[in-house]
Amino acid sequence: MQLEIQPKRFNGNSTMRLSLIKVNRLVKITFIVLLFICFNSLAQNKGVLNTDQGKIKIDKHIYGHFSEHLGRCIYGGFYVGESNTKIANKEGVRLDVVDALKKLKIPNLRWPGGCFADTYHWKDGVGAKEKRPTIVNTWWGGVTEDNSFGTHDFLNMCELLGAEPYLSGNVGSGTVQELSDWVQYVNFEGISPMSKWRKENGRDKAWNVKYWGIGNEAWGCGGNMTAEYYANIYRQYATFMTSTEKVKPFRIASGASSSDYHWTEVVMRDIPHNMLEGIALHHYSVIDWSKKGSAADFTEQQYFQTMQRALQMEELITKHSTIMDKYDPQKRVALVVDEWGGWYDVETGTNPGFLYQQNTMRDAILAGATLNIFHNHSDRVRMANLAQTVNVLQAVVLTQEEKMIVTPTYHVMEMYNVHQDATLIPFDFTTDDYALGTEKLPAVSVSASKDSAGVTHVSLVNIDSKNTKEITIDLRGGKFSSVTGRILNSPKLQDHNTFEKPDFVKPVVFKQATLSSNTLKVTLPAHSVVVLELR
Ligand code: AHR
């Protein structure tokens, strides 16, 4: 009996003990979960917006784009030619692409490169198309081009777009005379061999091109020069780029790659500032040049790494600006980030030299956060160019024969264009972290501006891939009665538009912002981009 009872008693105690252990564990887990929830709700996503303050203009030119003779950006992208095509065009330029870009209020367009610019001889691209010599695109796929898209085609296209042209001069394999002639050809109204030639080629009035790049990546594909050598060469080229009554060339020096601070130091030190209006900076968000990863099929780790590279822009601009401040405390010379964006492996089955990649919500987040950085450094960053406009790298437009789609990045550029030429509002903002393993990034990126009609716009990006952020902003220096907005978001970071589903990712009305006694509260979903309008 005993034997029977004892085990029973023993069993009973053991069950009770087990239950107690379970309850204990449950309490602990609940406590940890509560602590976590508590911590998350207490997390600092708070800001103060002094809406009556702000002196610096967000130059619309930071919304510039870049169109290189690369892959299907020009040929097959912007330009389909006039014959043998059913695609609606004006002088060979696709009208659907023009319409889409006009909605972005595209302020300027850089052409013809990139690396291609230092191989390009503009005189081969004017006059009767059938007589133009060919050019082999040595940097991008080794393809032979017929030069049918040249100076007239590009500058007329810019007029169609309502965008200012930004011409990139050939320093690497060109001559001082060649660039000087190009300036005369497009800008000189009087009598000269170049203006005469332009008129013979069908264009009477000058185009008055303001923005000029003197070489591209002179430290690399533009001639593998040292900074010291380039600075000397620059002075020579710049000397012969003459002004006209209507336009003074805004000359942009080939700039540093990412953190090459020595380059900026030398260029700022050795070029007299009356010969220099801007200095470039190129920075691509690449995980690893030998392992870039797929554009649309990526892990959270890869997303995190892309965003690490993208947010490095803050540090790069700060440090390059510090060097520029030393030589130019009045901030006369602009920092021109004329190549930026995400760079991944090409889409399977496409020419590796054509740099064709898809564009997802990851790119939208990258674009929103980068533009916020540019806004917040508007005192120095006065021009920038996303690489590249159509069918190449972080494109805003993709084409396939007669089809055209816009990408998540396009939507961000469109939502954000309310900031163009508006006054930057100082934003004092504290964000919590987006953590992955032991690494951390600031989770929320912000910027704000007031336009000429007095309307305030706030841009918010939640970089965190998983967590919603509760945001509180104290609005000071003005009275606001309404908040409206739009959001770009999609269930997955990998989501993108395709020719079959062109509107899979698109902005919608945002309803999770409320205003009460000048306190703005926003519930910002994970990996989303929001632009709010306050009146
Ligand atoms: O945008 C693609 C290439 O990247 C450009 O031609 C070059 O300037 C840079 O290295």
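In short, a report on the structure.

Criteria and cut-off values
Residues numbered from 1 in each chain as written. Predicted model: local features only at pLDDT ≥ 70, side-chain atom pairs only at ≥ 80, totals over all residues. Heavy atoms only, no water. Phe/Tyr/Trp six-rings, centres within 6.5 Å; stacked < 30°, edge-to-face > 60°. Helix = DSSP H or I, 4+ residues; strand = E, 2+ residues; numbered from the N terminus. Buried < 20%, exposed > 50% of the residue type's maximum accessible area, 1.4 Å probe, protein only. Lys NZ or Arg CZ within 6 Å of the ring centre and 35° of its normal. Core = buried A, V, L, I, M, F, W, Y, C linked by side-chain atoms within 4.5 Å. Contact = heavy atoms within 4.5 Å. Salt bridge = Lys/Arg side-chain N within 4 Å of Asp/Glu carboxyl O. Near = heavy atom within 4 Å. Polar contact = N/O pair within 3.5 Å; in protein donor to acceptor, adjacent residues only side chain to side chain. Areas by Shrake-Rupley, 256 points an atom, 1.4 Å probe, with all protein chains shown as cover. Pairing = 2+ DSSP bridges. Axes fitted to C-alpha atoms, helices over the stretch in contact; angles between N-to-C directions. Parallel < 35°, antiparallel > 145°, perpendicular 65-115°, else oblique. Left-handed = near helix turned anticlockwise from the far one by under 90°. Nonpolar A, V, L, I, M, F, W, Y, C, P; charged D, E, K, R; others polar. Disulfide = S-S within 2.5 Å.

**Remarks on the packing of aromatic side chains**
Right, so step 1: Summed over all chains, the structure comprises 22 aromatic pairs.
Right, so step 2: Ring geometry for Trp122 versus Trp182: centroids 6.1 Å apart, planes at 5 degrees, classification stacked. Of this pair, Trp122 sits in the loop between β5 (108-111) and β6 (135-137) while Trp182 sits in helix α4 (residues 176-187); the two residues are 60 residues apart in sequence, bridging distant segments of the chain. The pair formed by Trp122 and Trp182 is uniform in burial state, with each residue classed as buried.
Right, so step 3: Ring plane angle 75 degrees and centroid distance 5.6 Å describe the contact between Phe427 and Phe429, whose orientation is recorded as edge-to-face. A single burial state applies to Phe427 and to Phe429, both of which are buried.
Right, so step 4: Pairwise contacts between aromatic rings join Tyr75, Tyr79, Trp111, Phe116, Tyr120, Trp122, Phe149, Phe154, Trp182, Tyr185, Trp197 and Trp212 into one cluster.
Right, so step 5: A cation over a ring is seen here: Arg110 above Phe66, with NZ or CZ 4.6 Å from the ring centre.
Right, so step 6: It is Arg362 that lies over the ring of Phe298; its NZ or CZ is 3.8 Å from the centre.

**As for the nonpolar core**
Right, so step 1: With 147 residues, the main nonpolar core has Met307, Trp340, Phe374 and Leu532 as its most contacted residues.
Right, so step 2: A total of ten residues in this core trace back to one element, the largest contributor, which is helix α8 (residues 300-327).
Right, so step 3: Residue contacts for Leu532: discarding those within four places in its chain leaves Thr456, His457, Val458, Leu460, Val483, Thr484, Gly485, Phe510, Ala513, Leu520 and Val522.
Right, so step 4: Counting eight residues, the second largest nonpolar core, distinct from the first, contains Ile252, Ala280, Ala334 and Val336.

**Concerning the pattern of salt bridges**
Right, so step 1: Scanning all chains against the criterion turns up 26 salt bridges.
Right, so step 2: Between Asp325 and Lys331 there is a salt bridge, with its nearest N and O atoms 3.0 Å apart.
Right, so step 3: Asp325 sits in the partly exposed class, given a relative accessible area of 28%.
Right, so step 4: Each of Asp325, Asp328, Lys331, Asp379 and Arg380 takes part in one network of salt bridges that share partners.

**Observations regarding the environment of Lys479**
Right, so step 1: For Lys479, the position within the fold is in the loop between β22 (469-476) and β23 (483-488).
Right, so step 2: Each C-alpha atom of the pair Lys479 and Leu534 lies 9.5 Å from the other, and the pair is 55 residues apart in sequence.
Right, so step 3: Apart from residues lying up to four places away in sequence, Lys479 is in contact with Asn518 and Arg535.

**Let's talk about the site of the ligand**
Right, so step 1: Around the ligand, the surrounding shell holds 13 residues, and the nearest of these are Glu68, Cys115, Glu217, Tyr284 and Glu339.
Right, so step 2: Side-chain polar atom of Tyr284 to an oxygen atom of the ligand: 2.7 Å apart, as the coordinates give it.
Right, so step 3: Here an oxygen atom of the ligand sits 3.0 Å away from a polar atom, N or O, in the side chain of Gln388.
Right, so step 4: Against a free-state accessible area of 280 Å², the protein chains account for coverage of 93% of the ligand.

**Let's talk about helix α3 (residues 151-161)**
Right, so step 1: Judged by how many residues are buried, α3 sits mostly within the fold: eight of eleven residues are covered.
Right, so step 2: Thr151, His152, Asp153, Phe154, Leu155, Met157, Cys158 and Leu161 are the residues of α3 that are buried.
Right, so step 3: Buried residues belonging to α3 abut β4 (93-94), α2 (95-103), β5, β8 (164-169), α4 and α5 (193-200).
Right, so step 4: Gly162 lies just past α3 and shows a positive phi near 70 degrees.

**Section: the sheet that holds β8**
Right, so step 1: Read once around its circumference, the closed barrel built from eight strands follows the order β2-β5-β8-β9-β10-β11-β12-β13, with strand pairing classed as parallel. Strand-to-strand, the axes of this sheet are offset by a mean angle of 30 degrees, without reference to chain direction.
Right, so step 2: Pairing analysis gives seven bridges linking strand β11 (residues 278-285) to strand β12 (residues 334-342), with the strands arranged parallel. Within β12, the position partnered with Ile279 by the bridge is Leu335.

**Notes on the packing of helix α9 (residues 361-376) against helix α10 (residues 408-416)**
Right, so step 1: Look at α9 against α10: their axes get within 7 Å of each other, and the N-to-C directions meet at 30 degrees. As far as their axial angle goes, α10 and α9 are roughly parallel. The interaxial crossing formed by α9 with α10 has right-handed handedness. For the pair α9 and α10, the contacting residues are Met361, Asp363, Ala364, Ala367, Gly368, Leu371, Asn372 and His375 in the first and Pro408, Thr409, Val412, Met413 and Tyr416 in the second.
Right, so step 2: Counted by class, the contact of α9 with α10 contains eight nonpolar, four polar and one charged residues.

**Section: the state of the cysteines**
Right, so step 1: Within this structure, the stated rule accounts for one disulfide.
Right, so step 2: In this model Cys115 forms its disulfide with Cys221; the gap between the sulfur atoms is 2.2 Å. Taking the sign of the S-S torsion, about -85 degrees here, the bridge from Cys115 to Cys221 comes out left-handed. Of the two residues, Cys115 sits in the loop between β5 and β6 while Cys221 sits in the loop between β9 (211-214) and α6 (227-239), which places them 106 residues apart along the sequence. Here Cys115 matches Cys221 in class, with each residue buried.
Right, so step 3: Left without a disulfide partner, Cys73 is nearest to the cysteine sulfur of Cys158, which lies 12 Å away.
Right, so step 4: According to the relative accessible area criterion, Cys73 is buried, its value standing at 0%.
Right, so step 5: In this structure Cys158 comes out as buried when scored by relative accessible area, which is 1%.

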